[in-house]
Amino acid sequence: MGMRFGCRFLGGCLACGLLLGVFAMGAWAEGFEEVRFETSDGGTIYGNLYGEGDEAVVLAHGAVFDKESWHELAMRLAEEGVQVLAIDFRGYGKSEGGSEGRGGMALDVLGAVAYLREGGVREVSVVGGSMGGSAAAAAAVKAGPEDIDRLVLLAAGSVAAPEQLQAATLFIVSEGEGMREGVEADYAVAAEPKKLVVLAGNEHAQHVFKTDQAGALTEAIVSWVTGDAGTGE
């Protein structure tokens, strides 16, 4: 019996190892590795890490999206030699919040920035859509002056203190959507360097990727985070 149990146990371990190997190979076949990190309030955040390089981008999703929703943009950025970390906010996927609860999403962004910095990254940009844009903006206010280099706010839901953003900021919004007036008001008071891009159509934030404006949106983001001095030029 002992021998049979040992064989079954060993077989189970081998099977688990094979399954883990298949999962890892599947993830890498998709172009990313799943990683996790801790936040300052004790949360645990999971993310998909793409590419390599000493420049990196954190991708922060909107309320009806998740880290996988950024896959095509992440692959494009990785092709440009940029390391990309697409995160699941607390309460999404396997990510869990800490003592700040759902109100601590800015800490998820800051945790992602710290994870990349600790890995040796020289410059970090953050791209946030809608809810993720609000969290990214809050993180850019809380961050140290050299933590976040460039920021992309894709129809951010709420920017509490746009004049305090400590990063070169690109504001993007669709011309016909309800967020446009608020985005333009935030842009008006934000410090330089900054840029405003108004896309045709009326789709909100990441939903633009499902339209014929997807290419224009992708190019605007890639140009900003890879351009000189955050000007996108």
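Nothing here was measured: the structure is a model prediction, and the numbers come from that model.

> What's the story with the packing of aromatic side chains in this structure? I'm lost.
Inspection of every chain in the model, using the stated rule, returns four aromatic pairs. The interplanar angle of 80 degrees and the centroid separation of 5.7 Å between the aromatic rings of F171 and Y187 together place this pair among those described as edge-to-face. Of this pair, F171 sits in strand β7 (residues 168-174) while Y187 is found in helix α5 (residues 180-189), placing the two residues 16 residues apart along the sequence. Residue Y187 is classed as partly exposed on the basis of its relative accessible area, which comes to 23%.

> I keep staring at the nonpolar core and nothing clicks. Help me out?
Within soluble globular proteins, side chains that are nonpolar tend to cluster in buried spots. Core analysis: the biggest nonpolar cluster contains 66 residues, and L59, F89, L153 and I172 have the highest contact counts within it. Every residue in contact with L153, bar those within four places of it in the chain, is listed here: G128, G133, A136, A137, V159, L165, T169, L170, F171 and I172.

> How do you make sense of unusual backbone geometry when you look at a structure like this?
Most peptide bonds are trans, and most residues other than glycine sit at a negative phi. The step from E192 to P193 runs through a cis peptide bond, and the omega angle for that step is -5 degrees. Positive phi, close to 50 degrees, is recorded for A155, a residue that is not glycine.

Rules used in this analysis
Residues numbered from 1 in each chain as written. Predicted model: local features only at pLDDT ≥ 70, side-chain atom pairs only at ≥ 80, totals over all residues. Heavy atoms only, no water. Phe/Tyr/Trp six-rings, centres within 6.5 Å; stacked < 30°, edge-to-face > 60°. Helix = DSSP H or I, 4+ residues; strand = E, 2+ residues; numbered from the N terminus. Buried < 20%, exposed > 50% of the residue type's maximum accessible area, 1.4 Å probe, protein only. Core = buried A, V, L, I, M, F, W, Y, C linked by side-chain atoms within 4.5 Å. Contact = heavy atoms within 4.5 Å.

By themselves, these observations are geometric and do not establish any function.
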